[in-house]
Amino acid sequence: MNKDAKLPETEEGTILFNVDPIIVKHHYEIDYLHSYAQDSPFFAGLAKGKLLGSRCTACGYTYATPRGHCMECGETTEWVELPREGWVHTYTTCHFGGEAFLKETPFTLILVEFDGFDTLFLSRLVGVQAEEVTVGMPVRAKFLRNAKFKPTDVYFVPVARQL
Ligand SMILES: [Zn+2]
């Protein structure tokens, strides 16, 4: 037995943001295993350079996004490949963003409209100055060569207008 035993002390302190009640800062980090479940084919498609949407097996409503069931009638959907090209339905310029995108501001987000699809697809538009973006501008999907299996694996660039 050692009645003089004691835990080692460190010289680290704690950042105190408030005293009553006490508010302190703790670093927090975690690895999170996340399942894409039924949306997995969409992300696998991005890695293969394909955009996959969904079509209702009952009413035929088409979604430019992964969707397991139809929001119109509730039936299951099937995967369907979207065209590589669409056009800008609407857009916005982001001067702020999440931590991952902050260093890329300002950037342009667009909702892409595709021939034969009833809903839109949200993505980035690159290669165009914010003031050059117009509604109806033709755009083409491009894919990261090294897929990250994230929605940002796809982005859009302008298509040169044919005169
Ligand atoms: Zn339906």
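Look up: the structure comes first, before these words.
What counts and what doesn't
- Residues numbered from 1 in each chain as written.
- Predicted model: local features only at pLDDT ≥ 70, side-chain atom pairs only at ≥ 80, totals over all residues.
- Heavy atoms only, no water.
- Donors = N, O, S within 2.8 Å, 3.2 Å for Na, K, Ca; no water.
- Tetrahedral: all angles 85-135°; square planar, octahedral: opposite > 155°, others 65-115°.
- Patch = residues over 30% accessible without salt bridge, like charges linked within 9 Å, V, L, I, M, F, W, Y side chains within 5 Å.
- Areas by Shrake-Rupley, 256 points an atom, 1.4 Å probe, with all protein chains shown as cover.
- Salt bridge = Lys/Arg side-chain N within 4 Å of Asp/Glu carboxyl O.
- Helix = DSSP H or I, 4+ residues; strand = E, 2+ residues; numbered from the N terminus.
- Buried < 20%, exposed > 50% of the residue type's maximum accessible area, 1.4 Å probe, protein only.
- Arc of directions from axis to C-beta.
- Contact = heavy atoms within 4.5 Å.
- Pairing = 2+ DSSP bridges.

### Quick word on the coordination of the zinc ion
Phase 1: Protein ligation of the zinc ion involves Cys56 (SG), Cys59 (SG), Cys70 (SG) and Cys73 (SG), the donor distances falling in the range 2.3 Å.
Phase 2: One can describe the site at the zinc ion as tetrahedral: its four donor atoms subtend angles covering 97 to 122 degrees at the metal.
Phase 3: Here the donor residues for the zinc ion map to a single chain with the spacing C-x2-C-x10-C-x2-C.

### Section: a nonpolar patch on the surface
Phase 1: A cluster of nonpolar side chains, namely Leu16, Val19, Ile22 and Val24, defines an oily patch on the protein surface of about 380 Å² accessible area.
Phase 2: Looking at the nonpolar patch, the elements that each hand over two or more residues are β1 (16–19) and β2 (22–24).
Phase 3: Summarising the element assignment, Leu16 is placed in strand β1.

### Topic: unusual backbone geometry
Phase 1: With an omega of 5 degrees, the peptide bond between Asp20 and Pro21 qualifies as cis.
Phase 2: Within the secondary structure, Pro21 is located in the loop between β1 and β2.
Phase 3: Here Thr105 and Pro106 are connected by a cis peptide whose omega angle stands at -5 degrees.
Phase 4: For Pro106, the location among the structural elements is in the loop between β6 (85–94) and β7 (107–113).
Phase 5: Here Ala37, not a glycine, exhibits a phi torsion of approximately 45 degrees, which is positive.
Phase 6: Tracing the backbone shows Ala37 in the loop between β2 and α1 (40–47).

### Overview of α1
Phase 1: Listing the buried residues of α1 in full gives Phe42, Phe43, Gly45 and Leu46. Viewed along the axis of α1, the buried residues span an arc of 155 degrees, placing them on a single side of the element.
Phase 2: Structurally, α1 contributes buried residues whose contacts are with β3 (52–56), β5 (77–81), β8 (121–125), β9 (138–143) and β10 (154–158).
Phase 3: Where α1 terminates, the next one or two residues include Gly49, which has phi positive at roughly 75 degrees.

### Notes on the sheet that holds strand β4 (residues 62–63)
Phase 1: If you trace the three strands from one edge of the open sheet to the other, you get β4-β3-β5, paired in antiparallel fashion. The open sheet has two edge strands, β4 and β5, and neither has a second partner.
Phase 2: Bridge analysis of β3 against β5 gives five bridges, and the strand direction is antiparallel. Its bridge partner being in β5, Ser54 is matched across the sheet by Trp79.

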